Amino acid sequence: MNVVFAVKQYISKMIEDSGPGMKVLLMDKETTGIVSMVYTQSEILQKEVYLFERIDSQNRETMKHLKAICFLRPTKENVDYLIQELQRPKYSIYFIYFSNVISKSDVKSLAEADEQEVVAEVQEFYGDYIAVNPHLFSLNILGCCQGRNWDPAQLSRATQGLTALLLSLKKCPMIRYQLSSEAAKRLAECVKWTYQAMVHELLGINNNRIDLSRVPGISKDLREVVLSAENDEFYANNMYLNFAEIGSNIKNLMEDFQKRKPKEQQKLESIADMKAFVENYPQFKKMSGTVSKHVTVVGELSRLVSEQNLLEVSEVEQELACQNDHSSALQNVKRLLQNPKVTEFDAARLVMLYALHYERHSSNSLPGLMMDLRNKGVSEKYRKLVAAVVEYGGKRVRGSDLFSPKDAVAITKQFLKGLKGIENVYTQHQPFLHETLDQLIKGKLKENLYPYLGPSTLRDRPQDIIVFVIGGATYEEALTVYNLNRNTPGVRIVLGGTTVHNTKSFLEEVLASGLYSRSKDSSQATSRSASRR
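A few points on the structure.

The rules behind these values
All residue numbers refer to positions counted from 1 along the written sequence of the respective chain. In keeping with the model being predicted, local features are shown solely for residues with a pLDDT of at least 70 and side-chain atom pairs are shown and tallied solely at 80 or more, while totals for entire chains, interfaces and linings include all residues. Side-chain measures here rest on the full set of heavy atoms in the structure, leaving out hydrogens and waters. Only DSSP runs of H or I reaching four residues or more are called helices, and only runs of E reaching two or more are called strands; each is numbered from the N terminus. Each residue is placed in one exposure class: buried if its accessible area under a 1.4 Å probe, protein chains only, is under 20% of its type's maximum, exposed if it is over 50%, and partly exposed if it falls in between. Per-residue and other accessible areas follow the Shrake-Rupley method at a 1.4 Å probe size, with only the shown protein chains counted as cover for residues. Pairing between strands is defined by DSSP: at least two bridges between them are needed. Lines fitted to C-alpha atoms define the axes, with helix axes restricted to the stretch in contact, and inter-axis angles between N-to-C directions lie between 0 and 180 degrees. Each patch is assembled from residues with relative accessible area greater than 30% and no salt bridge, linking like charges that lie within 9 Å and nonpolar side chains (Val, Leu, Ile, Met, Phe, Trp, Tyr) that lie within 5 Å. Put simply, a salt bridge is a Lys or Arg side-chain nitrogen that is within 4 Å of an Asp or Glu carboxyl oxygen. It only takes one pair of heavy atoms within 4.5 Å for two residues to be counted as in contact. One less than the residue count of a helix, multiplied by 1.5 Å, gives the span that helix is expected to have. Within this analysis, the arc is defined by the directions that extend from the helix axis to the C-beta atoms. For Phe, Tyr and Trp, where Trp contributes only its six-membered ring, two rings pair if their centres lie within 6.5 Å, and the inter-plane angle classes them as stacked under 30 degrees, edge-to-face over 60, or tilted in between. Only when the NZ of Lys or the CZ of Arg is both within 6 Å of the ring centre and within 35 degrees of the ring normal is a charge said to sit over the ring. Here, nonpolar core means buried Ala, Val, Leu, Ile, Met, Phe, Trp, Tyr and Cys residues that are tied together by side-chain atoms lying within 4.5 Å of each other.

Some thoughts on the overall build of the protein
Point 1. The helix and strand tally for the protein stands at 22 helices and 16 strands.
Point 2. Of all 533 residues assigned to the protein, the portion counted as buried reaches 48%.
Point 3. Here the protein displays about 26600 Å² of accessible surface, and carbon together with sulfur accounts for 51% of that area.

Following this line, the structure appears as structure tokens:
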């Protein structure tokens, strides 16, 4: 189950089926992103596609020597644009491919508009999602819910995207959903019905692109860089390694270059040394291809880590997520809130984690931490988000306890894991998804927490698993899926979500849900939390 391969196959078939000759690829905003995630422009050019246009562009020239390959989402807006296009065609012949199901009435409207008979083909190719990695996909939806209920338009888009995924992978699924989530149940029902009816954290990654324009002294050619495992060998080999390992691998490449060029020796003891090396030796930059890009990215990450005291912040975040020592956690959070290097965003995030973990603890000190945030000068926006996050994902709405396992077996597992020791204090946390998938693979996932949708006679251990997270998945969860795929023979897992989150985009999701507007600041928020204990 490789989502990148599935989408690439569709695009290749579109181009091949149009036959030899010069072509234009006509897309909308969303399909432009879908194509750019799996193919580079140079790769497409090799297939005789010499022009890329948007269907909504008003100033396209008439070029009758070109064939048009149209790859569009089946929206009313796109159908209207196509009707206008066919009434006054700019190209010699049109091969039309929709990324999802198109209604018979829309096909009829297109046929009626094709008076000059320029349409050679109309097909449905189900590449209606963003393929981020082979085992990770996104729908790029922010703000999928209003309160705890779906926004109707986003429910429709999520249904279409999931259905397209199933069709592209040729899977007819047995669906299980989280019982405590009404939104999950609603989506499960929509996907089931539809299928039967027709068979990022510091820098932010947007469709595999990173904006580096604000990096001090950045060169013009590195203001935006692309990180794609499909076209970047170094990234493909290093994307799941930690920060220190990546830096070490970059250093090894540079040292290997120096061995072959004895005259070009330079010390490589820090990220700054590596950046200077790239700038001083253009030949290495040319030879290494994409490595110099990663030196820039790692250098900026290193600068931010130091400037914002992120190693210490991260260590306390790990403690809040993975340990149950309230006194130590409270002391460490309060200490960091006094540190001027800690940003207001990170300060608020620490308090959010504390609020979620110790929401009903007998010695809960959230009111005092909220006052510390105010004294630090943290804006009202972030202070109100503390209560909003608890409203969004607190114990009252969670189906399982993320922090404190209650049953004896789970406590024993946690204890034994602690005895073995942890290699890296910054990587203690393991997403809740890991335990969920582990139980599912073993056939032990509880039906009272994750029921089946409708009757089922096939309840053996699954081999092909598609996970979809309403509200957004994360790259840490993608790493969990990658490791499970690698270490569990016979099991293939694909992860998707309405979007792929970092902390900032997750808080935007909370804002979009409308829960923020109902949250109160400081003592009002905490009194409500305390009343639930």
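Description of helix α19 (residues 432-441)
Point 1. Across the ten residues of α19, seven count as buried, placing the element largely inside the fold.
Point 2. Taken as a whole, α19 has its buried residues at Leu433, Thr436, Leu437, Asp438, Gln439, Leu440 and Ile441.

Focus on the sheet that holds strand β5 (residues 119-124)
Point 1. The strand order β2-β1-β3-β4-β5 describes an open sheet built from five strands, whose pairing is parallel. Of all strands in the sheet, those with a lone pairing partner are β2 (49-54) and β5, marking the two edges. Strand-to-strand twist across the sheet, computed as the mean angle between neighbouring axes with direction ignored, equals 15°.

A closer look at a nonpolar patch on the surface
Point 1. A grouping of Met22, Leu45 and Tyr50 is seen on the molecular surface, where their side chains present a nonpolar patch of about 270 Å² in accessible area.
Point 2. Along the chain, leucine 45 turns up in helix α3 (residues 41-45).

Side note on the pairing of strand β3 (residues 67-72)
Point 1. With six of its six residues buried, β3 lies for the most part within the structure.
Point 2. Alternating positions in β3 separate into two faces, Lys67, Ile69 and Phe71 on one and Ala68, Cys70 and Leu72 on the other, with burial throughout.
Point 3. Looking at chain direction, strand β1 (residues 23-27) and β3 are connected through five bridges and run parallel. When the bridges of β3 are listed, methionine 27 appears paired with phenylalanine 71.

Brief notes about the environment of glutamate 508
Point 1. Here glutamate 508 lies in helix α21 (residues 503-512).
Point 2. In this structure glutamate 508 comes out as partly exposed when scored by relative accessible area, which is 42%.
Point 3. In this structure, the C-alpha to C-alpha distance between glutamate 508 and leucine 385, residues 123 residues apart in sequence, is 9.9 Å.

Quick notes on the sheet that holds strand β7 (residues 136-138)
As a general point, the strands of a sheet are linked pairwise by backbone hydrogen bonds and lie either parallel or antiparallel.
Point 1. The strand order across the open sheet built from four strands is β6-β7-β15-β13, with neighbouring strands paired in mixed fashion. Both edges of this open sheet fall to β6 (130-133) and β13 (464-469), since each of them pairs with a single strand only. When strand polarity is set aside, the average angle formed by the axes of neighbouring strands in this sheet is 25°.
Point 2. The sheet contact formed by β13 and strand β15 (residues 492-497) spans six bridges and is parallel. If you follow aspartate 464 over to β15, its bridge partner there is arginine 492.
Point 3. Here α19 sits on the sheet in contact with β13 and β15, set at roughly 150° to β13.
Point 4. Across the sheet, helix α20 (residues 475-487) lies against β6, β7 and β15, angled at about 170° from β15, the strand it touches most.

A short note on α20
Point 1. For α20, with 13 residues, the first-to-last C-alpha span of 18 Å sits near the 18 Å given by 1.5 Å per residue.
Point 2. Along α20, the positions that sit buried rather than exposed are Glu477, Ala478, Thr480, Val481 and Leu484. Viewed along the axis of α20, the buried residues span an arc of 155°, placing them on a single side of the element. Looking at α20, the residues exposed on the side facing more than 90 degrees away from the buried face are Arg486 and Asn487.
Point 3. The inward-facing, buried residues of α20 abut β7, α19, β14 (473-474) and β15.

Some thoughts on the packing of aromatic side chains
Point 1. Taken as a whole and judged by the stated rule, the model has eight aromatic pairs.
Point 2. Through successive ring pairs, a cluster of aromatic residues spans Tyr10, Tyr97 and Phe125.
Point 3. Above the face of the tyrosine 39 ring, lysine 8 is positioned so that its terminal group lies 4.9 Å from the ring centre.
Point 4. Residue placement shows lysine 504 over the ring face of phenylalanine 345; its charged tip is 5.6 Å from the ring centre.

Considerations on the nonpolar core
Point 1. Within the largest apolar cluster, 69 residues are counted, with the highest numbers of intra-cluster contacts made by Tyr129, Leu437 and Ile493.
Point 2. Sequence-distant contacts of isoleucine 493, that is, excluding residues within four places in its chain, are made with Met1, His135, Leu437, Ile441, Ile465, Val467, Val481, Leu484 and Asn485.
Point 3. In this structure, Leu369, Val378, Val386 and Val389 belong to the second largest nonpolar core, which totals 32 residues.

Focus on the pairing of β15
Point 1. Of all six residues in β15, five are buried; the element is thus mostly enclosed.
Point 2. The pairing of β7 with β15 spans three bridges and is classified as parallel. Following the sheet pairing, phenylalanine 137 is matched in β15 by glycine 496.

Observations regarding the pattern of salt bridges
Point 1. Under the defined criterion, the tally for this structure stands at 15 salt bridges.
Point 2. The salt bridge involving arginine 73 is made with glutamate 30; its shortest N-O contact spans 3.8 Å. Placement of the pair is arginine 73 in the loop between β3 and α4 (76-87) and glutamate 30 in helix α2 (residues 29-38), with a sequence separation of 43 residues.
Point 3. Note that aspartate 128 and arginine 73 form a salt bridge whose closest N and O atoms lie 2.7 Å from each other. A residue pair is termed long-range when its members are at least 10 positions apart, and aspartate 128 in the loop between β5 and β6 and arginine 73 in the loop between β3 and α4 qualify at 55 residues.
Point 4. Judged by relative accessible area, aspartate 128 falls into the buried class, the value being 0%.
Point 5. Shared partners join several salt bridges into a network, and the residues in it are Glu30, Arg73, Asp128 and Arg157.

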